[in-house]
Every structure is written in structure tokens, then in C-alpha cells.
Amino acid sequence: MAYKSDFLNVLDERGFIHQCSDFDGLDALAAKREVIAYVGYDCTAPSLHIGNFLSMMMLHWLQETGNKPITLMGGGTTMVGDPSGKDETRAIRTAEEIEANKASIKGVFNKVLQFGDGKTDAIMVDNADWLLKLSYIDMLRDVGRHFSVNRMLTMDSVRLRLEREQEMSFIEFNYMVCQSYDYVELARRYGCNLQMGGSDQWGNIVNGVDLGRRMGTHQLYALTTPLLTTSSGAKMGKTAQGAVWLNADQFSAWDFWQYWRNTEDGDVARFLKLFTTLPMEEIARLEKLDGAEINEAKKVLANEATALLHGRDAADAAAATAQKTFVEGGLAQDLPTISGNPGDGLLSLFVAAGLAASNGEVRRAVTGNSVSVNDAKIADPGYVAGEADFNSDGLMKISLGKKRHALVKRD
RNA sequence: GGAGGGAUGCCCGAGUGGCUAAAGGGGACGGGCUGUAAACCCGUUGGCUAUGCCUACGUUGGUUCGAAUCCAACUCCCUCCA
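Residues numbered from 1 in each chain as written. Chains lettered and ligands numbered in written order. Predicted model: local features only at pLDDT ≥ 70, side-chain atom pairs only at ≥ 80, totals over all residues. Heavy atoms only, no water.

Caption draft 1: Focus on the sheet that holds strand 13 (residues 404-409). Ordered in space as 9-13-12-10-11, the five strands form an open sheet in which the pairing is mixed. Of all the strands in the sheet, the pair left with one neighbour each is strand 9 (337-339) and strand 11 (376-377). Relative to strand 11, strand 10 (residues 371-373) is paired through two bridges, and the arrangement is antiparallel. Looking across to strand 11, one finds that Val373 is bridged to Ala376. (Pairing = 2+ DSSP bridges. Helix = DSSP H or I, 4+ residues; strand = E, 2+ residues; numbered from the N terminus.)

Caption draft 2: Highlighting a nonpolar patch on the surface. A cluster of nonpolar side chains, contributed by Tyr136, Ile137, Leu140 and Phe170, occupies part of the molecular surface with about 450 Å² of accessible area. At three residues, helix 7 (residues 136-142) tops the list of elements feeding residues into the nonpolar patch. The residue Tyr136 is located in helix 7 in this model. (Patch = residues over 30% accessible without salt bridge, like charges linked within 9 Å, V, L, I, M, F, W, Y side chains within 5 Å. Areas by Shrake-Rupley, 256 points an atom, 1.4 Å probe, with all protein chains shown as cover. Salt bridge = Lys/Arg side-chain N within 4 Å of Asp/Glu carboxyl O.)

Caption draft 3: Examining the pattern of salt bridges more closely. By the definition in use, this model includes 15 salt bridges. Glu304 is the partner of Arg312 in a salt bridge, and the nearest nitrogen-oxygen pair spans 3.2 Å. Residue classification places Glu304 among the buried residues on the basis of a relative accessible area of 16%. Each of Arg151, Asp210, Arg213 and Arg214 takes part in salt bridges that share partners, so that together they form one network. (Buried < 20%, exposed > 50% of the residue type's maximum accessible area, 1.4 Å probe, protein only.)

Caption draft 4: Highlighting helix 12 (residues 202-214). In this model, helix 12 (13 residues) spans 18 Å end to end at C-alpha, consistent with the 18 Å of a helix rising 1.5 Å per residue. Every buried residue belonging to helix 12 is among Asn204, Ile205, Val206, Asn207, Gly208, Val209, Asp210, Leu211 and Gly212, and all of these are buried. On its buried face, helix 12 is in contact with helix 8 (149-152), helix 11 (175-190), strand 5 (194-198) and strand 6 (221-225). (Expected span 1.5 Å × (residues − 1). Contact = heavy atoms within 4.5 Å.)

Caption draft 5: Representation of the protein's contact with RNA strand B within the structure. In the vicinity of RNA strand B lie 26 residues, with Asn262, Asp265, Lys298, Ser358 and Arg363 positioned nearest. For RNA strand B, the backbone portion of the atoms within 4 Å of the protein, that is sugar and phosphate, comes to 68%. In the model, a phosphate oxygen of RNA strand B is placed 3.3 Å from a nitrogen or oxygen of the Arg364 side chain. Elements represented by at least two residues in the surface near RNA strand B include exactly helix 13 (253-261), helix 16 (294-310), helix 17 (312-327) and helix 19 (359-367). Counted by class, the surface near RNA strand B contains five nonpolar, 11 polar and 10 charged residues. (Near = heavy atom within 4 Å. Polar contact = N/O pair within 3.5 Å; in protein donor to acceptor, adjacent residues only side chain to side chain. Nonpolar A, V, L, I, M, F, W, Y, C, P; charged D, E, K, R; others polar.)

Caption draft 6: Looking closely at the nonpolar core. By size, the foremost hydrophobic cluster in this structure holds 72 residues, and its most contacted members are Phe53, Leu223 and Trp260. Per element, the largest residue contribution to this core is nine residues, and it comes from helix 3 (residues 50-64). What Leu223 contacts, discounting residues up to four positions off in sequence, is Phe7, Leu8, Leu11, Ile17, Gln19, Cys20, Leu26, Leu194, Gln195, Met196, Gly197 and Ile205. Counting residues in hydrophobic clusters, the runner-up holds 33 residues, among them Ile36, Phe147, Tyr183 and Leu220. (Core = buried A, V, L, I, M, F, W, Y, C linked by side-chain atoms within 4.5 Å.)

Caption draft 7: The sheet that holds strand 4 (residues 123-126), seen in detail. Taken in spatial order, the six strands line up as 1-6-5-2-3-4 in an open sheet, and their pairing is mixed. The open sheet has two edge strands, strand 1 (19-20) and strand 4, and neither has a second partner.

Caption draft 8: Focus on helix 13. Of all nine residues that make up helix 13, seven are buried, and the element is covered over most of its length. Those residues of helix 13 lying buried are Ala253, Trp254, Phe256, Trp257, Gln258, Tyr259 and Trp260.

Caption draft 9: A look at the packing of helix 11 against helix 12. Taken N-terminus to C-terminus, the directions of helix 11 and helix 12 make an angle of 55 degrees; their axes are 8 Å apart at the nearest point. Between helix 11 and helix 12, the interaxial angle falls into the category oblique. Both helix 11 and helix 12 take part in a crossing whose hand is right-handed. Contact with helix 11, carried on its side by Tyr175, Met176, Gln179, Ser180, Tyr181, Tyr183 and Val184, involves Asn204, Ile205, Asn207, Gly208, Val209, Leu211 and Gly212 of helix 12 and no other residues of that element. (Axes fitted to C-alpha atoms, helices over the stretch in contact; angles between N-to-C directions. Parallel < 35°, antiparallel > 145°, perpendicular 65-115°, else oblique. Left-handed = near helix turned anticlockwise from the far one by under 90°.)

Caption draft 10: Seen up close, the environment of Val108. Along the chain, Val108 turns up in the loop between helix 5 (95-106) and strand 4. The contact partners of Val108, leaving out residues within four places of it in the chain, are Leu48, Met56, Leu246 and Asn247.

Next comes the structure, spelled out in C-alpha cells:
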């Protein structure tokens, strides 16, 4: 192993590392178990998504290897809006919206982190606590004077906008100042010495490292993860339903399990390392499977990733449901369920179950031969559920295509 | 403040009076092949109580038998000048 510290060794062998401002310095610190690292989370949506899961796992390993994680809620920075990787100005969000999002996001962290007052316990802070109190002139004098506009203009987040002749407003231009200041504030308050994030955050992070030096903090470090893409190059985390959210009320454990089960072959090993806590020897064994056998590895990936986030019970239930539904072709009780009765029209049942957005969509699907009831294809869009369609438990299975299923339960 | 340019479906983008629910591409979904994979091929992609009706090309009004297309006002965006 190349590193002295457990922390960097684990991250390295699992494929989390993209760039670091100073490997040796950080390694020395981690070897003494003195890293206090933070990751900032935007409050632009009511749930974090799968991309954020990656940095959560980094915090997890940080803690596992004896260091202290800080999760920073971007209550203040979300008021400004990060221009990184955006072509257009983000819609400015209201304070109420940000508060609501923050409250809704918070819950996921205790799935992978241990919070508390101990030395290596995680803590959660909110940059609204200091950013909202800043006074403009003081900020300019104390912090603003350390920023070179010449240099800011060369940062990717700004430069790319300018090159494409896309508007960038002054508020967005200030984002990196806020994030840099966060780092300094966390260094002063909590002794924070490492900021981690996705590769798109590199510019923002190293600016913070720089600001720390100019403002006289201890040495700060930067560490980023590679951008998550599938091996066919697509950005990860997009599905028919939109993003792969981490909150169960927005993306169910069943959908989450299915998401991982459908991973491309070429990504399985990489994702096992990143999104599960399985030991490397076990992953090495799974990695050797090929051909149809790789499906076993995909199931393990789905089980472990789902168990991490939604609990072992939810993962087992999803696995059992998948087994019944896809392997045995039977009717599993844990599929998404709606209520309905004999006499209900097929079209409205599909819409109610969320399998289709409109009656017309179901009609077209019927024409395309992709609609079935209890695994029998339906050719008539006017089909009405009958007594015989419900089994002795009062359940009827409706499917759109091979993969999307739901149950109708009579009341 | 002045002068130009622009706003089309999930996204990009064609369309300058009827043949337009709107070309083409992307994405998404479905079918085929498979292994609930990728690649590839094919199909679908505004709504409805459906041989018809309704909604829709920034907003509101107007011209016309007929408007995404012409006119007016307004809103927002961009570029250049000050």
C-alpha cells in the first residue's frame, strides 16, 4: 500500500480518490487520526441524490478509520447558488424552501455516520449560522481582499460561462467566496483540516485552502472524488422517475434496489467498492464472476447498497420481491400497491399505480403489446377488471413492460 | 438611456398564412435479441367519456374564411453602444 494511513489506503483501494492538494501532508495527519473533514451539501432539493451518496461514503470511511466527519448543511450558500457546472443561473430559492429542504435532507446522514459528542463522532453544522450574519463591508475588508478577481476569472465555474457568453450574475460570482469562507470558519470553530467533494468542487475547495493560508489558519487540505458516470458514459442517477433520490418517500427502497440491480456489467465492481461496505476480498471474489453469473454480483450490490441506506429489512424485502416477481414470475406482496375493485377500468388503474402518466399513454402501451394483467398480455384498452382477476388474497398484478409492476388490492 | 436580436413540445432545434399536434436530433419509455446488463434493430413520445372534441408555439388583443407564422401593446432574455 502506498499510504501510511488507513484512511487514504481505504479510499484509494475503493476508488474514491481523484485529486488531493497534498497527499503526503494529509496522509501524515490521517496516520495520526487527526483529520477533521467536512463535506458541504446543497439544500436545493428536498432530498440528496445518489451523487451525494459518494461523498457520504467518504465521510463514513473517514470515521471508520478513526477520524472526525462534519456534515455541513448549505443553509447559507444555497441562498447564493453554486454556479459550478451550470450553464444558466439557478433559480433563486426562497428562505422557506431552503429551510424545508434542509429539514428533509438531514435524516439520511445517520444511516452511514455515527453522530455524538465523542472524538470521532460526526457533527452537523449549518453555514447559515455564520454566513447570514456577515456584514457586507466587514466581509469585503476581512475576506474579499484576499481574493484576486484575475484568478477568479480563470476558475472553471466562471471561465466556462464567460467563454460560452452565458450570463453570470454577481451573486453567483460570490459563491466561491462564501464556500471558501466556510472552510476557514470550520477550521477556526472545529479545527477542520480537510474538505472533500466531487471533482466539480475542486476549484471551490482549493480556494478555501488558499484563503485559510492567507487568513492564518492551520494547514488545510483538499480531496475530491471522480465524477460518477456509468461505463457507457452516461451521467449516473437519472431514471424515468427523475433522479435517484436517497429519501425513501421520493424514491422507494424497492426502486433503489432495482436501480442497483440494473447496473451495467462494467460498473459492478466499481460500484461495489464505492457504495457498499463489503470487505475488499469479498468484492474481489464477486469481481471474478462473468457472463450471466455477474447477476449474482448485481444482487449483492443491490442488497448491500439498499441495506446501507434503507436498512437490512427493506433490502431483504426488495430482494424477496424481486425473486418472486422476476425469477418465479409470481406475485409478490411487497410491490407498490394501490386499491381497486372489479369493475375498475384498466387505464385508470395503471395511471393510479403510477405506471403511466395518462390514459393515453396506457392505450399506446396496449397497442405496443406491453401491458399485462396477472402476466397475461392485454390487447383491449377498454379492459375492465373482473372478479377472476383478483386472487384469493384480493390481489391483482398489473405490469407495464417486463420491469415495472404494481399490485391492485380490493378493499 | 439608445440600437439590434430572440422566446416553439421533457431538452435542443426547424418551421414566416391553410397540407401543423408542429420536421430533425437528444432524452425517456416500450418491443425484439439477452442475463431484470451493454451494444444493436424496431416502435411510441399533448389530453379526453375519441372516426370526434379540447389544449398548445412568451402574455394580451387585433387582421383573416383560416395564424406558431401578419399587426399592436406588454413581459422576459441576449448582444452592442452609453
